[in-house]
Amino acid sequence: MRIAELSPDLRQTETLTEILEEIESSVKEFERIVSTENPSKETTNFCSKLQKGFSRLNSQSPLSKSNKLQIWKLSFRLWNACVDLSNLTPACGNRSVPVDHVKLRQISADLLFFAGEVPEIPSSDFKAASFFYKTGLLWHGLKKFDLAAVCFEKATDLTSKIEVSEITDPGERKLLLDLNLARSTSAWDVSERNLALTLLSRSKNLLFGCPESYRALANQYLIFGKLCLSSNSQTSTVNEALKLMNESLDLCDKGLRSCKRGDENLELKTLRSKSLRFMAAANLQCEDYESVLKCIRVLRESSGGGGEQHPCLPVLAMKSWLGLGKHREAEKELRGMVLNKGIPESVWLSSVEAYFQATGVAGADTTKGVFLGLLGRCHVSPKAAVRVAQVVVGSGEGFRLRAKVVAELVSDERVVALFNEETAANERTSMHTVLWNCGAEHFRLKDYETGAELFEKSMLYVPHNVENKILRAKCFRVLSLCHLALLQFDRAQEYITESEKLQPNITCAFLKFKIYLQKNEEIGAIAQIQAMASCLDFNPDFYFLAAHEAIACHALPVAIASLSVLLGVYSHGKPMSTPEGVVLRTLLTLLSRDMVEETEVLKFTKHAHIRMKEIGPENFLGKGEVGRRERNWFAWNSWNNGTRMGKEKKYKLCAEFLELASEFYGARIDGDEVEDHRPMICKSLILSVSANIAAEKQSGVALKESDLKQAGQLLDRVGKMLPGMQLSDDCQSVDSSLHFMYTLNAYNLQARLDNSRSQQLLLVKNFASSKMCTPQYLLQIGLNAAQDGQHSNLEVSDYALNTCLSSLLNSPSPDYQKVALVLRKLIGIAGFLKGNADDDVYNVYKQAYRIMIGLKVGEYPTEEGKWLAVTAWNRADMPVRLGQVVIARRWMTIGLDLAQHVQGLLGYKGTMEDFLAEFDKKFNGLDDYEYADSDNRSTVTEV
């Protein structure tokens, strides 16, 4: 028979048979592969081959009973091979289920679904549903939630054909519940919470009064509650979690009531306790402390009064009591935790932290007691000890008291013993850091006593080995600082000595210096300054620090010694951050405050001048405005010292200071001009010369010729600057005394250096012609020139006094007292200048008479007027005796004329007139020669 002549049904049956035979051969091949040592390598190709065969089989219909039975057998063979493969997978070291394995199980379940119900197989739908359920669980484990949902839905479709009330088999009942729970879990994972909760609610109809079913459903409610609690801390989420846990608790209670044997309720009781604990945690999270305590009370009162002693209960209870502000009850719970060995270290650490945060400083002793109690109960790790120390130290209120508690805690032998092992090196370092930082904070707050205690305790956690030698030295140094601040100088010295043994450096040397200062041992402090230079890490800046410390301690000799040593560093040319001028300025200030000998001040001032000349003003003083300020300070200081020495009549020192002042005033910074300082330069130089001359007079020892020449050079400098000042400045802005002092000193020096008298006269004439000249200055010059003993110059005196007289008379309101003084001096020196002295003197008297004419009574000094009139009249006595009638008559006439203008000579005036009339009558017509030959010579009546 040909194929075309066969009926369609026969052709289809032959084709289905071929497909089934092909699938069966593939299953046989897969079974063979599973039996090999490494079956997973060939699984992928086989999976794709089976999928193609199943897709071809899926197009064939209808199926005969024999075909269905054959498909069922093939499905079970494939499923069993997959189970064997899964059992082999852990042995191969691969714990995750490969996707290809799950696909093979999916094909096995799909074969049953395609074959449909087989009457010969009891509960065939439930068996097929169980395949889909288990495959769905595998897809769910691989996070393939869509494929898992498809499997669960097919399983649900298969089981929904039978009424729930008709199901009596416990396994089938369990499958219905497990399937619902699996669907619910899958919906929850894809955030379909409403569907998940709906499925859980439906599951309540599938319990069939079985305690195990109650436990499974209650456990799923609890799982969802925990997921809600961990996902979000908002109040609404916590409330939702509490609802789910309440459902779990309710199911546990119902399940316990359904138990018929005592051994059936153990798991339910455990789950019930677990639900209560999580409910307590949820209530704690939303701060419903009363509810937390109720849950704990129920747990502790369960099991016939024996109560549950889960490690979390005292923790939850303690936190609830703290939340309610009942610290005593919280302390009881915390102390009770010491007896509970089931509490992990991390839990009681967090409990201690929570208790201390709530109670603050009041709970410090309790925290210490709990920790020490734990040491006696069980092994406590060094990390836990570090954490407790960190918690207790904290910050804020009661910082000092907490630090005291920590110091007591960490110094306990049992705590120190925790860190003796080599494995605790990191924790030992951490503990040292905690104590060190706490001590440093107290040190910053100037609580040196507590800081010292913490630094000392921190050394318990520093091993005595070479590696930690530097750290121990550092601890000793900071302890020395603490005791130094506490004025415990002997202990401070002990600690710094120990530190120096471990690590000798400049820091130790400087701290020793500070201790000597505080102990007022200035000799030791100065010796320590010298010792600093021997340190390997020495830095000259420590001399600055030493000086500052000494100034703060009012130990000025120590500060002076430090800065003096520092000047030696500058002398060697070592670059320094601070200009040398600043150091010398500070040193000079200290010397003035310490009231040392002026010679010391002068010595360092000279040193400053020498260094300024050597390295230049800008390098010595600084640049710009800073340098100018420093220059002005040195100049002003030298000037002030010089003027003070002058007032104290120490003229030699005065001269040297003033000469140095002129040098500093003349220093140029950044090429600036010194025009503004010219008056001070001139004044300093002039006063310096004046002081040298005054020192000569004071000591009675004549100046050397070299000193005179040097003084002359100084005045030459002044002479070169004065004309420029005169031309550029108005007489109101230039001190006219400079010119006078210069002129007077130059005049005196020219006389001492045997210069010609014409140069002296020229010097005075130049001064008299300047704007700076005043009658008072000319009067002093004239008097000085007339009274200078062997160096007198009457020509200069005559010129100065005559010029002074002219200046006085030209003023709007002449000072006739000075006029009278000038006239008296001119009368005194007139006879020495020219050969005809009598005429010169007479001319002065005549000039005085002309001045007095027209003055009011008393305007010219009366006594001076009397002196002029009387001395002029008495000057006629000698000519009368010598027979010089004309000369005698001239003197008597001028004397009488002067007397007529003097108020106090009215009584003598008549006598003088009578004598003159008689004289004229007696010698009328006689000249001097005739009178000399006559015998009628007489004498003048003296006034």
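No experiment lies behind these values; they were computed from the predicted model shown.

Right, let's get into the packing of aromatic side chains. As enumerated under the stated definition, the model contains 24 aromatic pairs in all. Taken together, a centroid distance of 6.3 Å and an interplanar angle of 45° make the contact between Tyr-133 and Phe-152 tilted. Placement of Tyr-133 in helix α5 (residues 124–141) and of Phe-152 in helix α6 (residues 145–159) is noted, with a sequence separation of 19 residues between them. Here Tyr-133 and Phe-152 have matching classes, each one buried. Both rings, one in Trp-873 and one in Phe-915, keep their centres 6.1 Å apart while their planes meet at 65°; by these two values the pair is edge-to-face. Linking Trp-873 in helix α41 (residues 862–874) with Phe-915 in helix α44 (residues 906–922), this pair joins segments that are 42 residues apart in sequence. As far as the burial class goes, Trp-873 and Phe-915 line up, both buried. Every member of this aromatic cluster is reached through a ring pair, and the members are Trp-72, Phe-76, Trp-79 and Phe-131. Here the basic side chain of Lys-154 rests over the ring of Phe-113, its NZ or CZ set 5.4 Å away from the ring centre. Note that Arg-824 overlies the ring of Trp-867, its terminal NZ or CZ placed 4.5 Å from the centroid.

On to unusual backbone geometry. Residue Lys-143 is not a glycine yet carries a positive backbone phi of 65°. With respect to the element layout, Lys-143 can be found in the loop between α5 and α6. Lys-143 sits in the exposed class, given a relative accessible area of 61%. Positive phi outside glycine occurs at Ser-191, with the angle close to 65°. Considering the arrangement of structural elements, one finds Ser-191 in the loop between α7 (170–189) and α8 (193–203). According to the relative accessible area criterion, Ser-191 is exposed, its value standing at 63%.

Take the environment of Asp-125 next. Among the secondary structure elements, Asp-125 is positioned in helix α5. The sequence separation of Asp-125 and Phe-113 amounts to 12 residues, and the corresponding C-alpha distance is 8.4 Å. For Asp-125, the contacting residues outside a window of four places in its chain are Glu-117, Leu-158 and Lys-161.

For helix α32 (residues 651–665), which comprises 15 residues, the first-to-last C-alpha distance of 21 Å matches the rise-based estimate of 21 Å (1.5 Å per residue) to within 8%. Burial analysis of α32 places 12 of its 15 residues in the buried class, the great majority of the element. Within α32 the residues assigned to the buried category are Tyr-651, Leu-653, Cys-654, Ala-655, Phe-657, Leu-658, Leu-660, Ala-661, Ser-662, Glu-663, Phe-664 and Tyr-665.

A word on the confidence of the model for the protein chain. In this model, the protein chain carries a mean pLDDT of 80, and residues with pLDDT of at least 70 account for 85%. Mean pLDDT values for the elements of the protein chain range from 47 in helix α45 (residues 928–933) up to 92 in helix α22 (residues 469–485). Of the regions scoring below 50 in pLDDT, residues 929–940 engages in 28 contacts with residues more than four places distant in sequence or in other chains.

Within the element layout of this structure, Ser-797 appears in helix α38 (residues 794–810). Among the residues examined, Ser-797 registers a relative accessible area of 0% and is labelled buried. Separated by 29 residues in the primary sequence, Ser-797 and Leu-826 place their C-alpha atoms 8.6 Å from one another. Residues within four places of Ser-797 in sequence aside, it is in contact with Gly-782, Ala-785, Ala-786 and Ile-829. Here the side chain of Ser-797 touches Gly-782 through a polar contact of 2.8 Å, landing on its backbone oxygen.

Looking now at the environment of Leu-316. Tracing the backbone through its elements, the reader meets Leu-316 in helix α13 (residues 312–323). Not counting residues up to four positions away in its chain, the partners in contact with Leu-316 are Arg-277, Ala-280, Ala-281, Leu-284, Val-292 and Ile-296.

The next subject is the nonpolar core. Judged by nonpolar contacts, the single largest core of 137 residues is most densely connected at Phe-513, Leu-566, Tyr-845 and Leu-898. Take this core: its biggest share by element is 10 residues, from α32. When sequence neighbours within four positions are dropped, the list of residues in contact with Phe-513 reads Ala-525, Gln-528, Ile-529, Met-532, Ala-546, Glu-549 and Val-558. The next biggest cluster of nonpolar side chains, apart from the first, holds 99 residues, and it includes Phe-126, Ala-148, Phe-152 and Ala-182.

One pass over the structure, following the stated rule, counts 33 salt bridges. Glu-500 is the partner of Lys-512 in a salt bridge, and the nearest nitrogen-oxygen pair spans 2.7 Å. Here the residue Lys-512 occupies a position in helix α24 (residues 506–518), and Glu-500 occupies one in helix α23 (residues 489–502), the gap between them amounting to 12 residues. Residue classification places Lys-512 among the buried residues on the basis of a relative accessible area of 17%.

Rules behind the numbers
Residues numbered from 1 in each chain as written. Predicted model: local features only at pLDDT ≥ 70, side-chain atom pairs only at ≥ 80, totals over all residues. Heavy atoms only, no water. Phe/Tyr/Trp six-rings, centres within 6.5 Å; stacked < 30°, edge-to-face > 60°. Helix = DSSP H or I, 4+ residues; strand = E, 2+ residues; numbered from the N terminus. Buried < 20%, exposed > 50% of the residue type's maximum accessible area, 1.4 Å probe, protein only. Lys NZ or Arg CZ within 6 Å of the ring centre and 35° of its normal. Contact = heavy atoms within 4.5 Å. Expected span 1.5 Å × (residues − 1). pLDDT = per-residue confidence, 0-100. Polar contact = N/O pair within 3.5 Å; in protein donor to acceptor, adjacent residues only side chain to side chain. Core = buried A, V, L, I, M, F, W, Y, C linked by side-chain atoms within 4.5 Å. Salt bridge = Lys/Arg side-chain N within 4 Å of Asp/Glu carboxyl O.

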